[in-house]
2 protein chains.
Amino acid sequence: MIDINTLKNRRKKLASLINFPTVLWSGKSPSKNFKANHYPFRASSHFLYFTGIPLENAAIRLENDKLDLFMDNPSPDSTLWHGEMPTREDIARKIEANNAYPMKILKDKIDGVATIPVQDIVTYEKQRKILQRPLSINQDSKDIDHQLMKAIISLRLTHDEMALKEIKKAINISVEAHKKGIKSTKKCATEAEVRAVMESHIMSQNMTCAYNSIVTVHGEILHNETYNNLLESGDLLLADVGAESALGWASDITRTWPVNGQFSSSQRDIYDVVLAAHDACIEKMQAGIEYRDIHLLGAKIIAEGLVNLGILKGNPETLVEKDAHAIFFPHGIGHLLGLDVHDMEDLGDLAGYEDGRTRSDRFGLGYLRLDRPLKPGMVVTIEPGFYQVQAILNHPQFKEKYNQVVNWDKLKQFSDVRGIRIEDDILVTETGTEILTKNLPTQAEEIEEIMVE
Amino acid sequence: MIDINTLKNRRKKLASLINFPTVLWSGKSPSKNFKANHYPFRASSHFLYFTGIPLENAAIRLENDKLDLFMDNPSPDSTLWHGEMPTREDIARKIEANNAYPMKILKDKIDGVATIPVQDIVTYEKQRKILQRPLSINQDSKDIDHQLMKAIISLRLTHDEMALKEIKKAINISVEAHKKGIKSTKKCATEAEVRAVMESHIMSQNMTCAYNSIVTVHGEILHNETYNNLLESGDLLLADVGAESALGWASDITRTWPVNGQFSSSQRDIYDVVLAAHDACIEKMQAGIEYRDIHLLGAKIIAEGLVNLGILKGNPETLVEKDAHAIFFPHGIGHLLGLDVHDMEDLGDLAGYEDGRTRSDRFGLGYLRLDRPLKPGMVVTIEPGFYQVQAILNHPQFKEKYNQVVNWDKLKQFSDVRGIRIEDDILVTETGTEILTKNLPTQAEEIEEIMVE
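Note that the coordinates shown come from a computational prediction; the quantities given were computed from them, not determined experimentally. Sequence positions are assigned chain by chain, starting from 1 and proceeding in written order. Think of it this way: whatever chain is written first is A, whatever ligand is written first is 1, and the rest follow in order. Only residues with pLDDT of 70 or above have their local features reported here, since the model is predicted, and side-chain atom pairs are shown and tallied only from 80 upward, although totals for entire chains, interfaces and linings are computed over all residues. Hydrogens and water are ignored here; the side-chain numbers use all heavy atoms of the structure.

As a further point, take the overall build of chain A. In this text, helices come from DSSP runs of H or I with a minimum length of four residues, and strands from runs of E with a minimum of two, each type numbered from the N-terminal end. When helices and strands are counted, chain A shows 15 helices and 16 strands. Between the two quantities, the radius of gyration covers C-alpha atoms and the globule rule is 2.2 Å times the number of residues to the power 0.38. Computed over its C-alpha atoms, the radius of gyration of chain A comes to 24 Å, within 12% of the 22 Å expected for a compact globule of 453 residues. Reported as C-alpha extents along the three principal axes, the dimensions of chain A are approximately 70 × 50 × 45 Å. Each residue's exposure class comes from its accessible area (1.4 Å probe, protein chains only) as a fraction of the maximum for that residue type: buried when under 20%, exposed when over 50%, partly exposed otherwise. Counting only residues that meet the buried cut, chain A has 59% of its 453 residues in that class.

Right under this line is the structure:
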């Protein structure tokens, strides 16, 4: 499955960018309610990027384009419980490590190395202890850890063929999962049942979920991770579900469909506004374009659509300048996609934000996770939405600020539209873009058709 | 869903056993690849036992039979992303807390309190910091933490009605999941597909898995948590899959069935040996009986069966004394079941082992997780098995030690039996036992029948 030349190429590219050695840890799975009952293991993405395979409790040391592997051989007890596992030497051969050592040797090889802190706290403590210095993600630092992060970001921002192959594998499974979810909804009584249909397709392909699925008739709760609600005729169901490939590459897809198979006219009206924003954003994407401008375009199309429906009042561009779109579309238009669903978000905004840029304090821009010019090889999501978030609509400050631009009576006619999002994964190419998720329909009538089948 | 009288009764019982205050933390979900991409939250079982509901980032202080709740209200930002959540006061009313405070007040209420370390390392560090002392599970300690553990163990060892109701809910869903898995196997091509059928039933009922499922044609790998293998006619599929109820109570069931719907005669022979051990163990169970004797009975029945098949040579009792059964049945006959699938295993052997007892260093006894006399209200698993574990069979030391008692040629005739386990969950009652998993057949022909349907 792994392509060794790609891995070696990644190591070589890193070596060309830094002049100090690097140690990257893979981490280990955290315990759930007792030590032996652990969460499924997920290797650190930076480690995965250079080794290709998810090894638990391992580390690599990169210097020039050489890779040394550090891991302990399985214990005899482990062989009893987990069967014959590959030895350190087996792994070293597979990933073409230049040397392979037991973990205890690592402490002798850490002079002047840079690293990136892992998420797993047990391993993080080991990192700190062995390196004897604090580890942090500091946007303003100039130390070697920071230089390493910037070097790795410059590699991971755009994807090589192996990465794209993996992302496409994950996407294809997610597309099928969504189709199955859409098809089965009329037979399902609860959110949990639809989620089970979708995730079981991902599981049947021996993949995992790249993030906790959102499958809800309350799409206005943006990160809703419960599945308790009954499906009722007239509800829209929002499903944000994406597979992760066996080698750890993510996909991220959202669709919204009517539980009873037919959008109401109010639902259809808003759906088409969101879809227009989605289509316009993808249409505008190309290398060199600022992603922030894509976001603002999406915001404008949504404002325009809501003006046409009589929900907002005023000139769409002025409305966006006032952040009035964000009453109904409070999040960013999307984010980087790669080994992580929000790629490299473990590094804060270092990956998402171009050098020298920081988060806006504007209500309509502050949640944007990506502010860079697009480059060929980048994969980003485009995910406009419309939500009636109670915390926003009932907020005295917002209510006052936007009282003049919202037609509250008109809005009441759209009370059966609590949350809509349409999300696709887009590859920026040399000549334009490729919609990697194109096999999953976006148009309302196409979705209704799947539900009839 | 929670029964407040039961919760108050548990608090009262604890108060009657200790004369110092207790603080229990719930923990938080660990990050996976970046902070916002976290594992599903699982509250600490000790916390759950007294509060009933899985609150994240909360703590309770118990003194006499009073409960004080410590948690912070959701931030405005959290309301935007996660919707309107219950406030501290809402929760306090629900669990009948005597007082409710923000988390920062906790530091003023920790004089002389005992605690139990949680699994979540971030919270564990907070515990250590606020209490300013090391936290450990020490079998020989006499400090208040240790006294608290023993008090809680004495409560959690036997189950009240609310606990049993939850365990039964989880079991009923697991039984259905197994039936669906058995029924669908002939249509499935891979282990992953059967796993998806089983887990999706659990997911569709809005439950989670109490542990990482084992669904494998290599049952001889005891903790096999990969699902890569193709199903081939002639294989046995071993599935160890159990749901956890919404309030956190576990179930734990294993069945083994033939991929093609029909046990071969060699498979059937060994299956019946394992089943005989399973049935005899359950038959012998009753209050007052030592669980260790149940284990030894299971071992003897397996040895006897293998002697009858010509695989082992000698007198069954002598074989068990020599640990020869453990060549093929290397693990314990079962364990406690409750809020954790190995209940209270976070406390090491404190819960599983009666005061003054420790693990045996015998090969055939050392993996036993429970060594206590049975008591009414206990739920334990009974899970004998037969495995051809390569790490054991090829081990020079074992080979030599057991060369005289194993008929290696005969064993070759059973090469299509790599791993079999049959596992049920049993409640000890005042008058005998109740097989909580009785709705899932154990007999070979019953299982074959399900596969025909």
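What follows deals with the side chain of Arg10 of chain B. Residues and elements named next belong to chain B. Topologically, Arg10 is positioned in helix α1 (residues 4-17). Here Arg10 falls in the buried class, since its relative accessible area comes to 2%. Sequence-distant contacts of Arg10, defined by excluding residues within four places in its chain, comprise Tyr49, Phe50, Leu155, Asp160, Met162, Ala163 and Trp249. Any two residues having at least one pair of non-hydrogen atoms within 4.5 Å are treated as being in contact.

To continue, consider helix α6 (residues 144-156) of chain B. Residue and element names in this part refer to chain B. The span you would expect from a helix comes to 1.5 Å times its residue count less one. With 13 residues, α6 extends 18 Å between its outermost C-alpha atoms, agreeing within 8% with the 18 Å of an ideal straight helix rising 1.5 Å per residue. If you check which residues of α6 are buried, you get Asp145, His146, Leu148, Met149, Ala151, Ile152, Ile153, Leu155 and Arg156. Any N or O atom pair separated by 3.5 Å or less is treated as a polar contact, with the protein-specific requirement of one donor-capable and one acceptor-capable atom, and with residues adjacent in sequence counted only for side-chain atom pairs. Capping the start of α6, Asp143 holds a side-chain oxygen 3.3 Å from the backbone nitrogen of Asp145, two or three residues further along.

Residue and element names in this part refer to chain A. One open sheet accounts for 4 strands, arranged β1-β4-β5-β6; its pairing is mixed. Lying at the two open borders of the sheet, with one neighbouring strand each, are β1 (22-25) and β6 (99-101). For this sheet, the mean angle separating the axes of adjacent strands, direction not counted, is 20°. Here the rule is simple: two strands pair whenever DSSP picks up at least two bridges between them. For helices, the axis comes from a line fit to the C-alpha atoms of the stretch in contact; other axes are also lines fit to C-alpha atoms, and the angle between any two N-to-C directions lies between 0 and 180 degrees.

Turning our attention to the interface of chain A and chain B. Residue-level contacts link 57 residues of chain A with 57 residues of chain B. Roughly 4,900 Å² of surface becomes buried between chain A and chain B when both sides are summed, with 60% attributable to carbon and sulfur atoms. Take a side-chain nitrogen of Lys or Arg and a carboxyl oxygen of Asp or Glu: if they are within 4 Å of each other, that pair is a salt bridge. On inspection of chain A and its partner chain B, the count reaches 0 salt bridges. In this structure, the connection of chain A to chain B is made through 18 residue pairs in polar contact (both at pLDDT 80 or more). At the level of secondary structure, the elements contributing two or more residues to the side of chain A that touches chain B comprise β2 (31-34), β3 (37-38), α3 (76-82), α5 (121-131), α8 (191-204) and α12 (390-393) of chain A. Here the side of chain A that touches chain B gets 8 residues from one element, more than from any other, and that element is α8 of chain A. Defined here as a combined quantity, buried area equals the accessible surface (1.4 Å probe) lost by two parts on assembly, summed across both.

Attention now goes to the packing of aromatic side chains. Note on ring pairs: Phe, Tyr and Trp rings are taken, using the six-membered ring of Trp, and paired if centres are within 6.5 Å. Classes follow the plane angle, with under 30 degrees stacked, over 60 edge-to-face and the rest tilted. Inspection of every chain in the model, using the stated rule, returns 17 aromatic pairs over all chains. Between Phe263 of chain A and Tyr271 of chain A the ring centres are 4.8 Å apart and the planes differ by 50°, which places this aromatic pair in the tilted class. In terms of burial, Phe263 of chain A and Tyr271 of chain A fall into one category: buried. Aromatic side chains Phe363 of chain B and Phe398 of chain B sit 4.6 Å apart centroid to centroid with 35° between the ring planes, which places their arrangement in the tilted category. Note that Phe363 of chain B is positioned in the loop between α11 (316-321) and β12 (379-382) and Phe398 of chain B in helix α13 (residues 396-401), a separation of 35 residues in sequence. For Phe363 of chain B, a relative accessible area of 17% gives the class buried. The class for Phe398 of chain B is buried, based on a relative accessible area of 17%. Among the aromatic residues, those joined into a cluster by ring pairs are Tyr49, Phe50 and Trp249 of chain A. Across the ring face of Tyr39 of chain A, the terminal group of Lys32 of chain A is positioned such that the distance to the ring centre comes to 5.9 Å. When the NZ atom of lysine or the CZ atom of arginine is within 6 Å of a ring's centre and also within 35 degrees of its normal, the charge is said to sit over that ring. Lying over the aromatic face of Tyr227 of chain B, Arg195 of chain B brings its terminal NZ or CZ to 4.1 Å of the ring centre.

We now examine the sheet that holds strand β1 (residues 22-25) of chain B. Residues and elements named next belong to chain B. Strand order across the open sheet formed by 4 strands is β1-β4-β5-β6, with mixed pairing between neighbours. Two strands in the sheet have a free side with no partner beyond their single neighbour: β1 and β6 (99-101). Each neighbouring strand pair of the sheet contributes to a mean axis angle of 20°, computed without reference to strand direction. Sheet analysis places β1 next to strand β4 (residues 59-63), joined by 4 bridges and oriented antiparallel. What sits directly across from Leu24, in β4, is Ile60.

Residue and element names in this part refer to chain B. Note that Asp77 resides in helix α3 (residues 76-82). When its relative accessible area of 38% is taken as the criterion, Asp77 is described as partly exposed. For the pair Asp77 and Phe50, spaced 27 residues apart in sequence, the C-alpha to C-alpha distance is 30 Å.

Moving on: the relation of the copies chain A and chain B. Least-squares superposition aligns the copies on the C-alpha atoms of those residues with pLDDT at or above 70 in both. Overlay of chain A on chain B (RMSD 0.0 Å): rotation 180°, translation along the axis 0.0 Å. Here the copies are linked by what is in effect a two-fold axis. Taking C-alpha positions as reference, the residue of chain A nearest the rotation axis is Ser200 of chain A, located at 2.7 Å. Most of the interface of chain A is mirrored in chain B, where 100% of its interface residues are also at the interface.

What follows concerns the domain arrangement of chain A. Many descriptions give the size of an interface as the accessible area lost when the pieces come together. Residue and element names in this part refer to chain A. Structurally, chain A comprises domain 1 (4-156) and domain 2 (161-452). Each domain's extent was defined by an automatic or database domain assignment. Here domain 1 and domain 2 have C-alpha centroids that lie 34 Å from each other. Each partner contributes to the interface: domain 1 provides 20 residues, whereas domain 2 provides 19 residues. When the two sides are added together, the surface that domain 1 and domain 2 hide from each other amounts to roughly 1,700 Å², 59% of it contributed by carbon and sulfur. Our count for the contact surface shared by domain 1 and domain 2 stands at 4 salt bridges.

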